[in-house]
Amino acid sequence: QKEVEQDPGPLSVPEGAIVSLNCTYSNSAFQYFMWYRQYSRKGPELLMYTYSSGNKEDGRFTAQVDKSSKYISLFIRDSQPSDSATYLCAMSAEGNQGAQKLVFGQGTRLTINP
Amino acid sequence: KAGVTQTPRYLIKTRGQQVTLSCSPISGHRSVSWYQQTPGQGLQFLFEYFSETQRNKGNFPGRFSGRQFSNSRSEMNVSTLELGDSALYLCASSLRTGYGYTFGSGTRLTVV
């Protein structure tokens, strides 16, 4: 079983819809939770970053972390065609000497239809 | 502000050869990590460097190695290339622990 599970999709929604993306994880040591967006032929771009549990909002994006359920979510409001990309969740625990290793989900391919 | 720069963008190598990839982190970032991305395995951690010291290493064979220089620039080397090493190799830098990582656009390596 993978440490981080993410539905690969594909997910296709109409423009303006609310999109919900989710990941589950098994390692209770994870403290840092991130969402990345990756366009074709590009590197991942950091969208949201959360430490421990709680919600974080940035414009049309909201990230939620529920450590008790080992479940994280990303919501995109008023989705736009430019949001079409692969979305990756990533998480890490803090190791010795501050070392960090990101563990990624498989990524969800999202298409927003005009 | 310049982002993470990786060179070259594309590489084609033959089985058995070795390759060196380069990464220049964002100015001031001292932590540099490398990841391998393939369609089947997704993004997998290779290693992390901080102030020229390897702090963490992923589950890759010893053919994969790296180093970091005093100016935080980093290189990774793959020796005795295999077909399965074909992938997008991504470098990421971070100011310090507790901050998100910024990725470069990657080097796409094809082994034939």
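The rules behind these values
Residues numbered from 1 in each chain as written. Chains lettered and ligands numbered in written order. Predicted model: local features only at pLDDT ≥ 70, side-chain atom pairs only at ≥ 80, totals over all residues. Heavy atoms only, no water. Helix = DSSP H or I, 4+ residues; strand = E, 2+ residues; numbered from the N terminus. Buried < 20%, exposed > 50% of the residue type's maximum accessible area, 1.4 Å probe, protein only. Contact = heavy atoms within 4.5 Å. Salt bridge = Lys/Arg side-chain N within 4 Å of Asp/Glu carboxyl O. Polar contact = N/O pair within 3.5 Å; in protein donor to acceptor, adjacent residues only side chain to side chain.

J.: Describe the environment of arginine 96 of chain B, with residues and values.
T.: Residues and elements named next belong to chain B. Checked against the element boundaries, arginine 96 lands in the loop between strand 9 (87-94) and strand 10 (102-103). Residue class for arginine 96 comes out partly exposed when judged on its relative accessible area of 46%. In this structure the C-alpha to C-alpha distance between arginine 96 and proline 39, which are 57 residues apart in sequence, comes to 29 Å.

J.: Let's hear about the interface of chain B and chain A: which residues, and what values?
T.: Every contact between the two is made by 23 residues of chain B and, on the other side, 20 residues of chain A. Where chain B touches chain A, the interface holds zero salt bridges. On inspection of chain B and its partner chain A, the count reaches three residue pairs in polar contact (both at pLDDT 80 or more). When residues of the side of chain B that touches chain A are traced back to their parent elements, those giving at least two are strand 4 (31-38), strand 5 (42-50), strand 6 (53-57) and strand 9 of chain B.

J.: Can you lay out the environment of valine 65 of chain A for me, pointing to particular residues and giving the numbers?
T.: Note that valine 65 of chain A resides in strand 7 (residues 61-66). Those residues in contact with valine 65 of chain A, other than ones at most four positions away along the chain, are Phe33, Thr50, Ser52, Ser53, Gly54, Tyr71 and Ile72 of chain A.

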